[in-house]
Amino acid sequence: MDFISKSLVSPSTALCSVSNWVISGNGSFVSVYSVSSATRLYGMEALPRCRIHGIRKGKMSDDGTWPILVFGQRSWRVFTATVCTDRQEFQLRAVTGSLHCTDWILDCCWLTGNSKLAIATAHNAVEIWEEQRLEQQQDARQSTGALGSSELSGDASAASTYVHVRSAQCSTVCILYSCLLSGLTEKTLIVYAGTVFNQVLVWQPFQAESTSDGLVDVQHRLCGHEGVIFSIALSSDGCRACTASDDRTVRVWDLLLLSDDGTVVSSKCIHALYGHSARIWKAIFVQDLIVSTGEDALVCVWDHTGHLLKEIKGHQGLNVWSVCAADDGDATSLSIITGGGDGGIRWWSLDEIKETVSQQFSLSVPDLTEAALQSSCGKRQDDYIRDVAVYESQHVLLLMNSGRLLLYDSVSKHIQLLLHEPAFASYSVMSLDCKTGRLALGGLAGHVLCLSDWMTDAVSCSSCVLAHDGKVFSVTWATASATSSSDAGVGAGEGGSNLFTVGPEGSMKWWKVSNLPGSALDCQLLAEFCLPPCKHRWLSAVAIVHSQDVLSLTDNSPNHPVTSADSDAVYVIAGDRKGSLHTYRCSTACQDAAMPQDPVCSLVGVHGKNGVNDIQVCRGCVSSCGRDGHIRQLSIAHPGTLTVCSDRKFLPGVDWLERMIHTSDGRDLLIGFHSTNLIIWDSRHAETVATVPCGGGHRSWHYSLSSDGNSVTFVFLQACRLHYCTVDIGEWSRQRILQSSFHGREITCLTQVFSSKTSGSTLLASGSEDCSVRLSIYDPAGGGLRPIVHPACVHISGVRTMSASPLSNSHDNASWMLVSAGGRSQIKAWLISDACSNPAAAAALPTEHRTMGEATSAGVVSSSGEHGHMVHDIAIESVCQYPAPLSQRERRLRRQQPPTAMAAESRVMSVSTVNVDTVAQCLAVNLPTPESQHHASTAGVFAWAVYSDGWLRLLHCDPNRKAFTLIAESEQQDRSLLCVETIVVPSKSCVLAATAGGSGDVTVWDFTVVLSDYLKAVLAHSAADCVNGSSATTALDLDTCQQDNALPRPVVLATLASQRCTVTCLEVQMVDEDDSIVLLSGGDGGGVTLHSLSVHDDEQGAVMLETKWTASRTDCHGSTVTGLCWLPSGCVMSTSCDQHVAVWKIAAVGDTVSETAATRPQQSCTIDESRTPGSNTLTQQPSIQPISNMMSDVSDCHAMLYWKNRLHDGCRQASDYVLALAGAGMQCIDFKDIGR
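Just so you know, these numbers come straight off a predicted model, no measurement behind them.

Another aspect to go through is the overall build of the chain. Looking only at helices and strands, the chain has 9 helices and 90 strands in total. Per-residue burial over the chain gives 58% buried out of 1236 residues. Long-range pairs, those at least 24 residues apart, make up 55% of the contacts in the chain with a sequence separation of at least 6. If you sum the accessible surface of the chain, you get close to 48,300 Å²; carbon and sulfur atoms cover 48% of it.

Encoded structure:
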């Protein structure tokens, strides 16, 4: 069977920069990237069946090429790199085949002339290899009959090879964790060996005299680390060394060298650099800087004095494995390339690297007020700053407790008094509109003062109104959607602003603030609303949405018909200090309502109890953030209903999100507070841009984004002083993502969502221990596997399993349900819609801001948000989760319970889904269809879930009600359940489920009666209620059923002995010839077992199972079997943690397979199809015999699946299939099931 690897996304373990190109090592493959275009050019397999650990570049040859040495494990190979400057092309060509050493390779270096190279091995030895042309090699072989210890891989394109000529062994024979070779000739070669006993040994293999037994003594030792040495690097002059260790430090050493041969005479540790919170894998010199990477995914940049300049957090999850200095030919430029465990590769510019806060100063109250108050009533000793604001990064507004408004120019350092209003003394609130520069002040007596052009004439460009009969609690300028901000008849109109004020008893008023002809300012009341009662009854954020921005959500809904009057309506979305969101509906025409309007919809406490801080509107989708640290995306529909579509916490540990900023260059920044620091987070690159110590968010503060988007200015009050700082964020936009990040930790599950009928691409979903579910596109025509930059959804714990099912069995189905589950018993459902096939669904699922996505090669935007991703015209919507999120009151009551009363933690280990259509058709249940709606296609899916504490549960996910319903559960098993698969047998009208786990047995359950009763008693009535317009209620309420012990139990049909150990994977296949079932199971002992079962009815009509045959083999793999597939030819494909993928033939006793064919990888073999299960000729107990195997490039493989490649421009045959493996990365492999 032929296996051809087509795409690989795995940790980048080696990097090498050649001019404007980067060579990366991923698994056994090398890939070439262009730094200027930030794209991947091509890739090739360099070291078959080996993981690449290093790439070394030699000096440029006379013909303008670079020798490139790629090594990993015990193998290595030589390439040549050629740069065509005129056509901007980079060619990487193999010179030799794969060569092999007798020991693990730690480092290599080219010697003078590039004809020899030195190789350092793991037992503190050095080998010298010399190039030999193939013609010379043939002559040497005829004369000596040997080729040293090298072995040519058989590459016909190889022009030369290398032969081993000499070796040297250090007298300290030990295991090394790292090694560095330095020198241009054998005589000047120096070995720096990092040992397991925390020392660096320095010795010269071919200059120092050897002992009597041929060993070379150590010349010098670098001592000081308290852990093993993972990395060693030298400065360009060789006088300094830096070492990275398990003790989480980087140590810098001064080396005293002899001038003649470079022998190290003495050393001194001059710096011990502390900055990483975990082990440090790599440290290098970049001119006079030191760059280190580690297990904490940090990239730290230090200067020559040991001062930490930058902490770069760009890679996801754990580990930045590789780093190298960029070789762009410009000696004045500083840049690096990093490769992470998330598969991402990034280029970073270190030019003019400096502290993030480029300008910072503070001023006391006397410094501010003395000059400004000399011409007024005199200086008051008790005066202080009450509020601050900054406009255009230069002009700082200070509202004093005395009612004075001061203007401070940060450039000229000039202070002036704008106005003095006694009405705003002792108490006042202030708000600045950063777009128009308009300023609003609210006072204790209900007065609101609005100012425009205050930099020139604050008195004449002002308007004061008595807005409320009492204290003004808040003044807030509103954000508006695109339609409402451009419509002259809506709200403020053209050139105007929307101001909302809140007075006593929750009175909220909407004002239109605009300039009259001349310089006067006009404030016109548009509407009055009433905030619901709460402890803190005032406004904290507000946004305006025009009906045209939300009508697309409800045009096709019969429940909320849209009238002509509704097309002129606007919706006001208000966030209060209690953390609630309220929606108000009003006409665009100016109105003086006699009675304040109440909200048409309220989401009470959606952001906890500390307040909503910001609301943004884009394309009908509302994004809000608050002091709970969450960003929630909500859909708004007529007549103003808000629905939470997604809930995500971007910054772990940050519980206070204050603002969402969208810059002009397409970046999305989040501003929040973590402890006493202000944090700026770049959501696209998933990294912290800046950290400003400010004392926390409980103070007056304001920000201003520069016009070019390269800096943010903050002003805040701390200890009665004004603090001003400018944060440079422009340099962070100079990074380039050569390869987008994938999962930050190991992938634990993988499923296929669907394959496109037009493009042939396949949408895959994967879950990981990094608590995220990500979508990927596999394009067979080109591009291979393209992961989405940001996760589609996030769990509160690691994702263990997932399953996808179409919502309808019709040929034009355009919606799928993805169910993911994992730790803390959490199950989440996601609705995926094909926008090309279903434009209405695409309109109903608004995307996030375009600035949060990236353009793919097809020109389609891939958004990064949870609710509205558009991936190759695919929309994703969060539906529901199980168990439902607890309210604040429920969480508080649970915390008050004693520990013994709380439920034990459990984990969902596996889920299997089947859509309701399939089950209803199998059981002959007719589901009613509401008028003009395909109710059967939106009735959701049934999900079978098994838990680590031995439970099997059946749930129904209904996208209409956006809720899970628990239908049935089994009795608790003695051992944990790890696998579940669903079996639908239409010919017997039964629905079965197979489970397996710690007991080693496979149990088959009958859910036919349970599902039939549920469909007839609940779904049918629910659909009828929907037609009649009443609210549907489910008869099986979870709490009631648990109290009455009324949940139905499935029936156990059979218990099959499968493994002598734990069953770790399970697969089910229906054989169409005789309606038999084949159960495939694999265990943690490496064995595979097959059971063939027939389904029939007994005399009473009950379903029964009969075992036809059983086949088992205990030595299929050397470790835990993690994946099984039943191929169309009747063969079985399996994989395990040992990275082997094996194909097995199910043959009768006596059949044999050539052992050569069984063990030779990537070899095509024929299969006797007449002997496969399902054939009537099989009368004896079959056996499992090997056919073919291969070594994958995915370590710790946890999931495997395959699918048929759809025809694409006639370039693929119908027998082609794609195999996907997931673990520490993901790999897609083409293969042919030639047994068919």
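As a further point, take the packing of aromatic side chains. Taken as a whole and judged by the stated rule, the model has 23 aromatic pairs. Relative to F1231, the ring of Y1217 has its centre 5.8 Å away and its plane inclined at 25 degrees; by these criteria the two rings are stacked. Of this pair, Y1217 sits in strand β89 (residues 1216–1223) while F1231 sits in strand β90 (residues 1225–1232), placing them 14 residues apart in sequence. A connected cluster of aromatic rings, assembled from ring pairs, spans W656, F673, W701, Y703 and F714. Here R736 stacks its cationic end above the ring of W347, 4.4 Å away from the centre of that ring. When the ring centre of Y947 is taken as reference, the NZ or CZ atom of R953 above it lies at 4.6 Å.

Strand order in this open sheet of 4 strands is β24-β25-β26-β27, and the pairing throughout is antiparallel. Edge positions in the open sheet fall to β24 (280–286) and β27 (308–312), since each of these has one partner strand only. Taken over all neighbouring pairs, the strand axes of this sheet differ in orientation by 15 degrees on average, direction set aside. Strand direction decides the pairing type here: β24 and strand β25 (residues 289–294), joined by 6 bridges, are antiparallel. The residue bridging A283 from the neighbouring strand is S292, located in β25.

Okay, the environment of W656 next. Within the fold, W656 resides in strand β53 (residues 656–662). For W656, a relative accessible area of 9% gives the class buried. In this structure, the C-alpha to C-alpha distance between W656 and V612, residues 44 residues apart in sequence, is 9.9 Å. Not counting residues up to four positions away in its chain, the partners in contact with W656 are N613, G626, R627, G629, I671, G672, F673, G697 and H698.

This paragraph deals with the nonpolar core. Soluble globular proteins tend to bury their nonpolar side chains together. In terms of nonpolar packing, the biggest core is built from 49 residues, with F942, W944, L954, L1011, L1015, I1077 and L1079 touching the most fellow members. The leading source of residues in this core is strand β76 (residues 977–985), at 7 residues. Excluding residues within four positions of it along the chain, L1079 makes contact with I983, A994, V1002, V1004, L1056, E1067, V1068, T1089, L1090, H1091 and L1093.

So, about the pattern of salt bridges. Tallied over the entire structure, the rule returns 14 salt bridges. The partner of E505 in a salt bridge is R537, and the shortest N-O contact between them spans 4.0 Å. Of this pair, E505 sits in the loop between β42 (497–502) and β43 (507–515) while R537 sits in the loop between β44 (521–530) and β45 (539–546), and the two are 32 residues apart along the sequence. Since its relative accessible area comes to 66%, E505 is described here as exposed. R1113 is paired through a salt bridge with D1115; the nearest N and O atoms lie 2.8 Å apart. It is possible to trace a salt-bridge network through shared partners that takes in K116, R166 and E186.

Attention now moves to the confidence of the model for the chain. On average, residues of the chain score 79 in pLDDT, and 77% of them are at 70 or above. At the low end of the mean pLDDT range in the chain sits strand β69 (residues 854–855), at 29; at the high end sits strand β73 (residues 941–947), at 95. Predicted confidence is poor over residues 137–156, with pLDDT under 50, and the contacts of this stretch with residues over four places away or in other chains come to 29 contacts.

Judged by pairing direction, the sheet is antiparallel, and its 4 strands sit side by side in the order β36-β37-β38-β39 without closing on themselves. Both edges of this open sheet fall to β36 (428–432) and β39 (462–466), since each of them pairs with a single strand only. Neighbour-to-neighbour, the strand axes of the sheet open up by a mean angle of 15 degrees, direction not taken into account. For strand β37 (residues 439–443) and strand β38 (residues 447–451), the ladder comprises 4 bridges, and the chain directions are antiparallel. From the neighbouring strand, L441 faces β38, where its bridge partner is L449.

The next thing to look at is the environment of E746. Its place among the elements puts E746 in the loop between β60 (736–739) and β61 (747–755). Note: C-alpha distance between E746 and S768 (22 residues apart in sequence) is 5.7 Å. In contact with E746, not counting residues within four places along its chain, are S768, E769, D1196, H1198, G1223 and A1224.

Attention now moves to unusual backbone geometry. Residues Y882 and P883 are joined by a peptide bond in cis, for which omega reads -10 degrees. Looking at the element boundaries, P883 is found in the loop between β71 (874–882) and α5 (888–896). The residue R49 is not glycine, and still its phi comes out positive at about 65 degrees. Tracing the chain through its elements places R49 in the loop between β5 (39–45) and β6 (54–57). Even without being glycine, R824 reaches a positive phi, approximately 60 degrees.

Turning our attention to the state of the cysteines. Enumeration according to the criterion identifies 0 disulfides in this entry. C1065 provides the cysteine sulfur closest to C1125, a residue in no disulfide bond, and the two sulfurs are 9.4 Å apart. Judged by relative accessible area, which is 5%, C1125 ranks as buried.

Bringing the pairing of strand β84 (residues 1121–1126) into the picture now. Most of β84 sits inside the fold, with 6 of its 6 residues counted as buried. Relative to strand β85 (residues 1132–1136), β84 runs antiparallel, the two being bridged by 5 bridges. Within the sheet, the bridge partner assigned to C1125 lies in β85 and is M1133. Hairpin connection, β84 to β85: the antiparallel pair is bridged by 5 residues, and G1130 has positive phi, about 95 degrees.

This part covers the environment of Y584. Tracing the sequence through the fold places Y584 in strand β47 (residues 581–587). On the basis of relative accessible area, Y584 is assigned to the buried category, the value being 0%. When the C-alpha positions of Y584 and Q597 are compared, they lie 7.4 Å apart, and in sequence the two are 13 residues distant. At a separation of 2.8 Å, a polar atom in the side chain of Y584 contacts the main-chain carbonyl oxygen of C530.

The next subject is the side chain of Q616. Mapped onto the secondary structure, Q616 falls in strand β49 (residues 612–618). For Q616, a relative accessible area of 16% puts it in the buried group. Looking at Q616, its side chain comes within polar contact range of the side chain of D614, at 3.2 Å.

Criteria and cut-off values
- Residues numbered from 1 in each chain as written.
- Predicted model: local features only at pLDDT ≥ 70, side-chain atom pairs only at ≥ 80, totals over all residues.
- Heavy atoms only, no water.
- Helix = DSSP H or I, 4+ residues; strand = E, 2+ residues; numbered from the N terminus.
- Buried < 20%, exposed > 50% of the residue type's maximum accessible area, 1.4 Å probe, protein only.
- Contact = heavy atoms within 4.5 Å.
- Areas by Shrake-Rupley, 256 points an atom, 1.4 Å probe, with all protein chains shown as cover.
- Phe/Tyr/Trp six-rings, centres within 6.5 Å; stacked < 30°, edge-to-face > 60°.
- Lys NZ or Arg CZ within 6 Å of the ring centre and 35° of its normal.
- Pairing = 2+ DSSP bridges.
- Axes fitted to C-alpha atoms, helices over the stretch in contact; angles between N-to-C directions.
- Core = buried A, V, L, I, M, F, W, Y, C linked by side-chain atoms within 4.5 Å.
- Salt bridge = Lys/Arg side-chain N within 4 Å of Asp/Glu carboxyl O.
- pLDDT = per-residue confidence, 0-100.
- Disulfide = S-S within 2.5 Å.
- Polar contact = N/O pair within 3.5 Å; in protein donor to acceptor, adjacent residues only side chain to side chain.

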